Number of protein chains: 4
Amino acid sequence: MGLYTDLACEAREMNPSIEGVTEETENFTDISITRIRISGEAAARKLEKSIGTYITIDAPQLASRPLDLFSNVSGRLSQELKKLMANIPQNAQILVVGLGNRSITPDSLGPKVAERVFVTRHVKQHMPEAFDYPLASVASAAPGVLGSTGIETFEVVRGIVERISPDLIIAVDSLASRRAARISTTIQLSDTGISPGSGVGNLRAGLNRESLGIPVIAIGVPLVVHAATITQDTISMMADETGLHSDEEKLKELAEKVINEKLGAMIVTPKDIDTIVKDMSGIIADGINTALYGEHYEDVRMLIA
Amino acid sequence: MGLYTDLACEAREMNPSIEGVTEETENFTDISITRIRISGEAAARKLEKSIGTYITIDAPQLASRPLDLFSNVSGRLSQELKKLMANIPQNAQILVVGLGNRSITPDSLGPKVAERVFVTRHVKQHMPEAFDYPLASVASAAPGVLGSTGIETFEVVRGIVERISPDLIIAVDSLASRRAARISTTIQLSDTGISPGSGVGNLRAGLNRESLGIPVIAIGVPLVVHAATITQDTISMMADETGLHSDEEKLKELAEKVINEKLGAMIVTPKDIDTIVKDMSGIIADGINTALYGEHYEDVRMLIA
Amino acid sequence: MGLYTDLACEAREMNPSIEGVTEETENFTDISITRIRISGEAAARKLEKSIGTYITIDAPQLASRPLDLFSNVSGRLSQELKKLMANIPQNAQILVVGLGNRSITPDSLGPKVAERVFVTRHVKQHMPEAFDYPLASVASAAPGVLGSTGIETFEVVRGIVERISPDLIIAVDSLASRRAARISTTIQLSDTGISPGSGVGNLRAGLNRESLGIPVIAIGVPLVVHAATITQDTISMMADETGLHSDEEKLKELAEKVINEKLGAMIVTPKDIDTIVKDMSGIIADGINTALYGEHYEDVRMLIA
Amino acid sequence: MGLYTDLACEAREMNPSIEGVTEETENFTDISITRIRISGEAAARKLEKSIGTYITIDAPQLASRPLDLFSNVSGRLSQELKKLMANIPQNAQILVVGLGNRSITPDSLGPKVAERVFVTRHVKQHMPEAFDYPLASVASAAPGVLGSTGIETFEVVRGIVERISPDLIIAVDSLASRRAARISTTIQLSDTGISPGSGVGNLRAGLNRESLGIPVIAIGVPLVVHAATITQDTISMMADETGLHSDEEKLKELAEKVINEKLGAMIVTPKDIDTIVKDMSGIIADGINTALYGEHYEDVRMLIA
């Protein structure tokens, strides 16, 4: 049984006492930020995550959608993203990649963010005089998913990378979490890129420095819980209460039986997922735009609107 | 713990041996039709359903979306609907009501069907010469849900009924099922109207002959499974296997604990729910159009397109 | 040839020197507000508008979508709306009606605003203790259009009015303008309600104090230009330049010929109408929410979100 | 003043008597097919079209949306496409490219078709045993537009072409026509690919054999009329009637004046453009699917659905 989570912090919770992992948490009003560093191979394997840094921004109050928390979270995201981009020059070429399938609501976060990020590459190329200060040259792409295009996401991204040679990729994706309460209240950033098999749509090939030759920062939001998770959790809580832990094999069999008979590939999602995806894509696009353009944000917005 | 199902056939499966219920099933290629009649008060209470007839059209192959099955199912729906309308004259005034919240995908079936039903009321009123044969005068409405409008669905429907005095209402709604496999493969018709508290959006007041003074035929498709159902089912399978049934109280407590901690008001839905709702709304609208207009279907379509 | 405009200010421009009309303009940074009062029957007939007050908020810079202008315009709208509501008590029952067809983009402004207005009627009814201060009881409805529902918009609104007895209606609609430049840069408010035949969808019966028995405030945004307008304007400019004015009859014939041969019922609209409708519905919903809830805006938002 | 048309048949109508162009028309019930061959450089320059073959499928009745005409037109399109693909082997690799901006309704035809074309490339690659007969390996892409992505469409397409090496591209795009009546009733196919500057979104670099090294078949549907066209047409009709043709220069000035003052970059489009784009994308996707898969159409549909 897999971990069914794309969040490093959840993988860590399920494996609290392994070596090769450090964790620290910073608390702000209504927001907490946890930084997990996975440094050893063994820890990476156990947590089913690549070696690197994972930053989780948690804001449980987001569920009730207060407007000022939206901009606070977006501001924190911007700051964390800037830290991850510390080595990237101010006028770098950046490609924002929106992963996922836009016609499946909980999987459409990436394409929606790609649409809302301010792109400047064409303006800088065709009207270089428009900006007389160092400014990022930003492009975006929403490559679609294998099942809809017949092409691996990796192939489309690599094709674009080879044509436009960006210095950095920021890849945005929907994630799977183990806990319904995390949906829409958590953002994960990471300097590891996207691993094969992660995200809601399950990439076959990863998007990372190894495969693409440039750094890839990943930003994700948990938007589904695999239904199988609920079965697993129910069974393990029941086992705790009834002292059935002795027979682990039997419990696994049971879980698989329920999952196969009742669930298929169902996902668990809140009823108002359309609104949630719209809100979160705004928060993330805004965080990216602020990190990339800083004091020139408003100039850029006016020029490209 | 409630039954968490809007389907009479599932309520019946969970209470197989009570009095006051009859059931018969007819099998066709790829389609089976089950007719359940609830005649006694006690049965109605136990099944949490009103007294009346419930027809379930099952077509498990619909999940793989073969085009000819679409039209077969739509044809069967049309026939069953015509039987329920046996006493309605050919030129009756009919109001199709699409229940649910159009901005929540699994709850948008009703509004989508309302949009796709051919309306003729205004044509018959303003160009009576357009049709020189008896023909239904059809109108539609999508009243929205209490949380979005601040008005009980019942009040909006009653307001319209008082203004246009229809002879019959056909109300279409998304339903909750206990089994993921039923999503998109089952249609339920009933002559009982819509009970309070049923449907995905949970009406407070029912839409039925008692409340509206005219017959109400309900058509629904299961599009969500309450996440709580999965927990219940997992626990009861586990209890079966482990012989824990003796302590029913403890099992209930456990289920509630999992549901509260992990799930909140989550729903379980397939990833491709957008496509499913689009397909099913087409099947149902077509079934209604065929039942209402019969041989004049194409005439009506051309005139109003 | 009709005026092809729903804007009192344009009708006025085309008939500058008639009696029974007063006009005053107030200028602010980036925004000007024009108030036209039509007091005489003859003027009303000539301008094809009902007797009453028409307020036009013009902000030509809105076309380039600067965020702070959005909130300034929304603030001005709120103030003007409050003036029109001077006699309405603070805890009045208000029904916001979103007119138009939500599946035709330039006609979907009304339904979109209806969706974004905060509704409190059900909360005040079922949890009267939630607000311990006088507060408007707000409901909303999007009745659809005759061609889609088979029911006159007026009938649906009247049905709802009879059930819930509001003190005031605020009706929101897309308008037709004579000038492309006005699209998305103008908002018209009026205390006259909606006249028959106005709006993009052309109501048959008006929504006003005469027909509904309660005051109706109308808010509209020009979102289309009838293609026929362009032909008329081209011909009249050409006639000006070439001194052909003598033969008015012939010019009219010509205009009708071009319109019939080339245009049918085409509309002229900007390419990015989807974005414009989204932006304008946000501005208007926000203006209404601020006018209705004032200092309690944030409380209401949190409670109902 | 440009021709403002992407249709070879309209460019031809405006230049009826030039050399280097042949034209033939075939008539069927409710459908006519015109084949224009541009063979000379001078004709190509005059018509503002590349040398090659242009096939126009006209079905004026499509405007009233009769279902059987939909499938007839789709069948004709399939046959014409197969003729253009005569030299392409049955198991070729084909990339369907949906050009245009999916968030602007009249420009979203291409992306919608790309979504509805059956893709098999991934199945043939990962499950080669699924098809035991020669079958096209089809992939799709919707590269977006320069203004949204910051990347020339050509660069994205070329990047993908370099990674997956297709044998043929089928590029689908929205077109501009001179006549409102053509919207939704005409399909143009061509073996010339897409020229720079054509289509609603105006490509800067062409997609054709010269730029991509492989044949490119273009399929387009007129979905907008530039508003400037209406002005031009009005003026030229007026000039005809009034005998003002002598002063051509003055007429041009006039046209430009009207366009600048009144229209900006407005487009003329039918009110129900959303429905039209949905219908036409279905017709075109179906025509492509039938041309590519022939007798295996249903097999492919079931496997990939």
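Structure's up top.
Bear in mind the structure is a predicted one, so any value in this text is a computation, not a measurement.

Engineer: Just to check I follow, could you spell out the overall build of chain A for this structure?
Structural biologist: A tally of regular secondary structure across chain A gives 12 helices and 9 strands. Within chain A, the fraction of its 305 residues that count as buried is 59%. Considering only contacts in chain A between residues 6 or more positions apart, those separated by 24 or more positions represent 74%. Counting only carbon and sulfur atoms, one obtains 47% of the accessible surface of chain A, whose full area is about 11,800 Å².

Engineer: Explain the interface of chain A and chain D to me, please; I cannot follow it from the model alone.
Structural biologist: Interface size, as often reported, equals the accessible area lost upon joining of the parts. Contact with chain A, which involves 25 residues of that partner, is made by 25 residues of chain D. When the two sides are added together, the surface that chain A and chain D hide from each other amounts to roughly 2,200 Å², 52% of it contributed by carbon and sulfur. Where chain A meets chain D, there are 4 salt bridges. One salt bridge in this structure joins Glu162(A) and Arg163(D), with 3.2 Å as the shortest N-O distance. Remark: the boundary between chain A and chain D carries 10 residue pairs in polar contact (both at pLDDT 80 or more). Sorting the residues of the side of chain A that touches chain D by element identifies helix H5 (121-126), strand S5 (137-141), helix H6 (146-149) and helix H7 (153-164) of chain A as the ones contributing at least two each. No other element matches the 9 residues that H7(A) contributes to the side of chain A that touches chain D. The class makeup of the residues in the side of chain A that touches chain D is 9 nonpolar, 8 polar and 8 charged.

Engineer: How do you make sense of the relation of the copies chain A and chain D when you look at a structure like this?
Structural biologist: Mapping between the two copies of the chain is achieved by a rotation about an axis and a shift along the axis. Take chain A, turn it by 180 degrees, move it 0.0 Å along the axis, and it overlays chain D with an RMSD of 0.1 Å. Expressed as a symmetry operation, the mapping of one chain copy onto the other fits a two-fold axis. The C-alpha atom lying nearest the rotation axis in chain A is that of Gly159(A); the distance is 2.0 Å. When the interface residues of chain A are mapped onto chain D, 100% of them again fall at the interface, so both copies present the same face.

Engineer: Any chance you could explain the pattern of salt bridges here in plain terms?
Structural biologist: A pair can form between side chains of opposite charge whenever their charged atoms are brought close. Applying the stated criterion to the full structure yields 56 salt bridges over all chains. For Asp58(C), the salt bridge goes to Arg182(C), with nearest N and O atoms at 3.2 Å. Here Arg182(C) lies in the loop between strand S6 (168-177) and strand S7 (186-190) and Asp58(C) lies in strand S3 (residues 52-58), a separation of 124 residues in the sequence. According to the relative accessible area criterion, Asp58(C) is buried, its value standing at 15%. Connected through salt bridges with shared partners, the residues Glu10(A), Glu13(A), Asp58(A), Arg179(A) and Arg182(A) form a single ionic network.

Engineer: Even after reading the chapter, I still don't get the packing of helix H4 (residues 109-116) of chain D against helix H11 (residues 273-293) of chain D, so can you show me in this structure?
Structural biologist: Geometrically, a packed helix pair is captured by the angle between its two axes and the distance between the axes. Residue and element names in this part refer to chain D. For the pair H4 and H11, the least separation of the axes is 9 Å and the interaxial angle reads 45 degrees. If you check the angle between H4 and H11, you find them oblique. Considering how the two elements wind past one another, H4 and H11 form a crossing that is right-handed. For the pair H4 and H11, the contacting residues are Leu109, Lys112, Val113 and Arg116 in the first and Val277, Lys278, Met280, Ser281, Gly282, Ile284, Ala285, Ile288 and Asn289 in the second. In the contact of H4 with H11, the residues fall into 7 nonpolar, 3 polar and 3 charged.

Engineer: Got a minute to help me understand a positive patch on the surface in this structure?
Structural biologist: Together, Arg116(A), Lys278(A), Arg116(C) and Lys278(C) line one region of the surface with positive charge. Summarising the element assignment, Lys278(A) is placed in helix H11 (residues 273-293).

Engineer: Help me understand H7(A), please; the structure alone is not making it clear to me.
Structural biologist: Two residues of an α-helix separated by three or four positions point the same way, owing to the 3.6 residues in each turn. Residues and elements named next belong to chain A. Given a rise of 1.5 Å per residue, 12 residues ought to cover 16 Å, and the 17 Å separating the end C-alpha atoms of H7 matches this to within 8%. Among the 12 residues in H7, 9 count as buried, and that is most of the element. Buried within H7 we find Thr153, Phe154, Glu155, Val156, Val157, Gly159, Ile160, Val161 and Ile164. Positive backbone phi, at 45 degrees, marks Ser165, one or two positions downstream of H7.

Engineer: Mind showing me how you'd approach the nonpolar core here?
Structural biologist: A general trend in soluble globular proteins is that nonpolar side chains are found buried together. In this structure, Ile187(C), Ile288(C), Ile187(D) and Ile288(D) are the most contacted members of the largest nonpolar core, which totals 109 residues. The contact partners of Ile288(D), leaving out residues within four places of it in the chain, are Leu81(D), Val96(D), Val113(D), Val117(D), Ile170(D), Val172(D) and Ile219(D). The next biggest cluster of nonpolar side chains, apart from the first, holds 108 residues, and it includes Ile273(A), Ile284(A), Leu135(B) and Val300(B).

Engineer: Whenever I open this one, the environment of Ala43(A) confuses me. Can you help?
Structural biologist: Residues and elements named next belong to chain A. By the element assignment, Ala43 lies in helix H2 (residues 41-47). Expressed as a C-alpha distance, the spacing of Ala43 and Ala181, which sit 138 residues apart in the sequence, is 26 Å. Other than its neighbours up to four places away in sequence, Ala43 contacts Ile18, Glu19, Gly20, Val21 and Ile38.

Engineer: Looking at this model, I keep getting lost on unusual backbone geometry. Mind explaining?
Structural biologist: Excluding glycine, most residues fall at negative phi; most peptide bonds, likewise, are trans. Within the chain, Glu48(B) stands out as a residue other than glycine whose phi angle is a positive 55 degrees. Along the chain, the position of Glu48(B) falls in the loop between helix H2 (41-47) and strand S3 (52-58). With phi around 45 degrees, Ser165(D) is a residue other than glycine that occupies positive phi space. Within the secondary structure, Ser165(D) is located in the loop between helix H7 (153-164) and strand S6 (168-177). Judged by relative accessible area, which is 47%, Ser165(D) ranks as partly exposed.

Engineer: How should I be thinking about the side chain of Arg121(C) in this particular structure?
Structural biologist: Summarising the element assignment, Arg121(C) is placed in helix H5 (residues 121-126). Salt bridges are absent for the buried Arg121(C), whose nearest opposite-charge side chain, Glu155(B), sits at 5.9 Å. Residues contacting Arg121(C), with those up to four places away along its chain left out, are Gly150(B), Ile151(B), Glu152(B), Gln93(C), Ser137(C), Val138(C), Ala139(C) and Ile164(C).

Engineer: So what exactly am I meant to see when it comes to the packing of aromatic side chains here?
Structural biologist: Any two aromatic rings considered together are summarised by their centre-to-centre distance and by the angle between their planes. Residue and element names in this part refer to chain B. As enumerated under the stated definition, the model contains 12 aromatic pairs over all chains in all. Ring centres 5.3 Å apart and planes at 55 degrees place the aromatic pair Phe118 and Tyr297 in the tilted group. Taken as a pair, Phe118 in the loop between helix H4 (109-116) and helix H5 (121-126) and Tyr297 in helix H12 (residues 297-304) lie far apart in primary sequence, 179 residues in all. Of the two residues, Phe118 and Tyr297, neither departs from the other in class, the shared state being buried.

Engineer: I would appreciate a short explanation of the pairing of strand S6 (residues 168-177) of chain A in the present structure.
Structural biologist: Note on strand geometry: in a regular strand, side chains alternate between the two faces of the sheet. All names here are of chain A. Where burial is concerned, most of S6 is hidden: 10 out of the 10 residues are buried. Here S6 shows no split at all, with Leu168, Ile170, Val172, Ser174 and Ala176 on one side and Ile169, Ala171, Asp173, Leu175 and Ser177 on the other all buried. Looking at chain direction, strand S4 (residues 93-98) and S6 are connected through 5 bridges and run parallel. Within S6, the residue paired with Ile94 across the bridge is Leu168. As paired strands, S6 and strand S8 (residues 216-226) are joined by 9 bridges and run parallel to one another. Pairing of Asp173 across the sheet is with Gly220, part of S8.

Engineer: Teacher, can you tell me more about the pairing of strand S2 (residues 31-38) of chain D here?
Structural biologist: Residues and elements named next belong to chain D. Counting buried residues in S2 gives 7 out of 8 residues, a clear majority hidden from the surface. Note that strand S1 (residues 21-28) and S2 share 8 bridges and pair antiparallel. Residue pairing for S2: Glu23 is matched across the bridge by Ile36. Summarising the sheet, S2 and strand S3 (residues 52-58) pair through 7 bridges and their orientation is antiparallel. Within the sheet, the bridge partner assigned to Ile36 lies in S3 and is Tyr54.

Engineer: Would you take a moment to explain the environment of Gly100(C) for this structure?
Structural biologist: Residue and element names in this part refer to chain C. On the secondary structure map, Gly100 appears in the loop between strand S4 (93-98) and helix H4 (109-116). On the accessibility criterion, Gly100 (11% relative accessible area) is buried. Sequence-wise, Gly100 and Asp173 are 73 residues apart; in three dimensions their C-alpha atoms are separated by 6.4 Å. When sequence neighbours within four positions are dropped, the list of residues in contact with Gly100 reads Asp107, Pro111, Gly144, Val145 and Asp173.

Criteria and thresholds
Residues numbered from 1 in each chain as written. Chains lettered and ligands numbered in written order. Predicted model: local features only at pLDDT ≥ 70, side-chain atom pairs only at ≥ 80, totals over all residues. Heavy atoms only, no water. Helix = DSSP H or I, 4+ residues; strand = E, 2+ residues; numbered from the N terminus. Buried < 20%, exposed > 50% of the residue type's maximum accessible area, 1.4 Å probe, protein only. Contact = heavy atoms within 4.5 Å. Areas by Shrake-Rupley, 256 points an atom, 1.4 Å probe, with all protein chains shown as cover. Buried area = accessible area lost by both parts, 1.4 Å probe. Salt bridge = Lys/Arg side-chain N within 4 Å of Asp/Glu carboxyl O. Polar contact = N/O pair within 3.5 Å; in protein donor to acceptor, adjacent residues only side chain to side chain. Nonpolar A, V, L, I, M, F, W, Y, C, P; charged D, E, K, R; others polar. Least-squares fit on C-alpha atoms with pLDDT ≥ 70 in both. Axes fitted to C-alpha atoms, helices over the stretch in contact; angles between N-to-C directions. Parallel < 35°, antiparallel > 145°, perpendicular 65-115°, else oblique. Left-handed = near helix turned anticlockwise from the far one by under 90°. Patch = residues over 30% accessible without salt bridge, like charges linked within 9 Å, V, L, I, M, F, W, Y side chains within 5 Å. Lys, Arg positive; Asp, Glu negative; His and termini not counted. Charge placed at Lys NZ, Arg CZ, Asp CG, Glu CD. Expected span 1.5 Å × (residues − 1). Core = buried A, V, L, I, M, F, W, Y, C linked by side-chain atoms within 4.5 Å. Phe/Tyr/Trp six-rings, centres within 6.5 Å; stacked < 30°, edge-to-face > 60°. Pairing = 2+ DSSP bridges.

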